[in-house]
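Each chain, written out:
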Amino acid sequence: MGTKVSVKWDKQMYRDVEVDMSAPLELFKTQLWTLTGVSPDRQTLMIKGKKLRDDTGWASVTLKPNTMVLMMGTTGELISEPAEKIVFAEDLDQDDPDALNQLVVKRGLQNFGNLCYVNSTVQCLNQIDELQPVLDQLKSSSSENNHPVQLAKALSSLLTSLDPSIPAPASGKPLALFNVLKTINPVFAEQNQMGMNKQQDAEECWSLILSQLAIALQNRGEEENPVDQMFGISMRETSTNQESTDEVLTVTTKHRLLRCHIGNKTSHLFEGLKESLEEDIERNSEVGARMSTVVGLICAESALVVCFCFLLGIRS
């Protein structure tokens, strides 16, 4: 007879799970796979804070009836390793000039007292090849001096300073852009007791810059605003009445932001994105019931997706 233990996984509790201590640990993991759907290669098992290892199995622990086994892991497919290994500068032969010459040296941004949220936003925007020409054209042709145009011109100059092909200092300074940002939104001008800028949210900075660029670039002969051309994502929202499946409402909307929901079971970026596309909402209907909404991406060929790739290190 084996020993019966309790297994806690996330919010689930499985009691009276039988353990054959004479068998490999892999057998027990297979049992848990059947119960939870978490494959053995994604399971991490711990007893009283001690991790169970496949090579030592049960030899390193003492099991008693109803011992609590903590399991961590998520269901779903594992993300495979990149086909081409990423090579970092420190991995290269420092005595080999040819190897070092292959490095593409990119300019960074100076961090002036908690402006890293501005810098990270600018670095994402700097990955969008189509943005710079549009800003340069506006900078050279527009005589307007409102806040949106000021922001667009400041961003244009800052992105130009990050171009390694143009002679410039080793790093860019985001102060001109920041001065316009805090003029538009005084929240960015807040300081702490030491007189330093307060840390702000990068997503708020991103959304503010895109909205101001859209204002600066509107009514310039384009059928669609250049910001929406580059950053817009068309989505098809399908809402189904939970009490009457015959009632289905489908609309197409456009967004500049793809949200990522982070919950207790979120381990990977794609899981958070998937969760953010499904929700239950209250919507007026003929029977007054709740609607279950599923949002599907229609067109993801936008610069926003490129920025996600940049953050994930997919694009150099």
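The coordinates are above.
Let me sum up the structure you'll find in this document. (Residues numbered from 1 in each chain as written. Predicted model: local features only at pLDDT ≥ 70, side-chain atom pairs only at ≥ 80, totals over all residues. Heavy atoms only, no water.)

Helix and strand counts for the protein come out as ten helices and eleven strands. Burial analysis of the protein (316 residues in total) assigns 34% to the buried set. In the protein, the proportion of contacts linking residues at least 24 apart, taken out of those at least 6 apart, comes to 61%. Per element, the accessible surface of the protein, about 19500 Å² overall, is 51% carbon and sulfur. (Helix = DSSP H or I, 4+ residues; strand = E, 2+ residues; numbered from the N terminus. Buried < 20%, exposed > 50% of the residue type's maximum accessible area, 1.4 Å probe, protein only. Contact = heavy atoms within 4.5 Å. Areas by Shrake-Rupley, 256 points an atom, 1.4 Å probe, with all protein chains shown as cover.)

Looking now at the packing of helix α5 (residues 147-161) against helix α7 (residues 202-216). Interaxial distance between α5 and α7 falls to 8 Å at its minimum, and their mutual angle equals 110°. The angle between α5 and α7 falls in the class roughly perpendicular. Taking contact as the criterion, the partners of H147, P148, V149, L151, A152 and L155 in α5 are, on α7, I209, Q212, L213, I215 and A216. Grouping the amino acids of the contact of α5 with α7 by side-chain chemistry returns nine nonpolar, two polar and no charged. (Axes fitted to C-alpha atoms, helices over the stretch in contact; angles between N-to-C directions. Parallel < 35°, antiparallel > 145°, perpendicular 65-115°, else oblique. Nonpolar A, V, L, I, M, F, W, Y, C, P; charged D, E, K, R; others polar.)

This paragraph deals with unusual backbone geometry. A positive phi angle, near 55°, is found at D10, a position not held by glycine. Topologically, D10 is positioned in the loop between β1 (3-9) and β2 (12-19).

Before going further, it helps to examine the packing of aromatic side chains. A full pass over the atoms with the stated rule returns three aromatic pairs. Aromatic side chains F28 and W58 sit 5.2 Å apart centroid to centroid with 70° between the ring planes, which places their arrangement in the edge-to-face category. Within this pair, whereas F28 is found in helix α1 (residues 25-36), its partner W58 is found in the loop between β4 (50-51) and β5 (68-72), the two being separated by 30 residues in sequence. F28 gets classed as buried once you look at its relative accessible area, which sits at 2%. Taking the centre distance of 5.7 Å and the plane angle of 85° together, the rings of W206 and F231 count as edge-to-face. Here W206, found in helix α7, pairs with F231, found in helix α8 (residues 226-231); they are 25 residues apart in sequence, far enough to count as distant. On the accessibility criterion, F231 (0% relative accessible area) is buried. (Phe/Tyr/Trp six-rings, centres within 6.5 Å; stacked < 30°, edge-to-face > 60°.)

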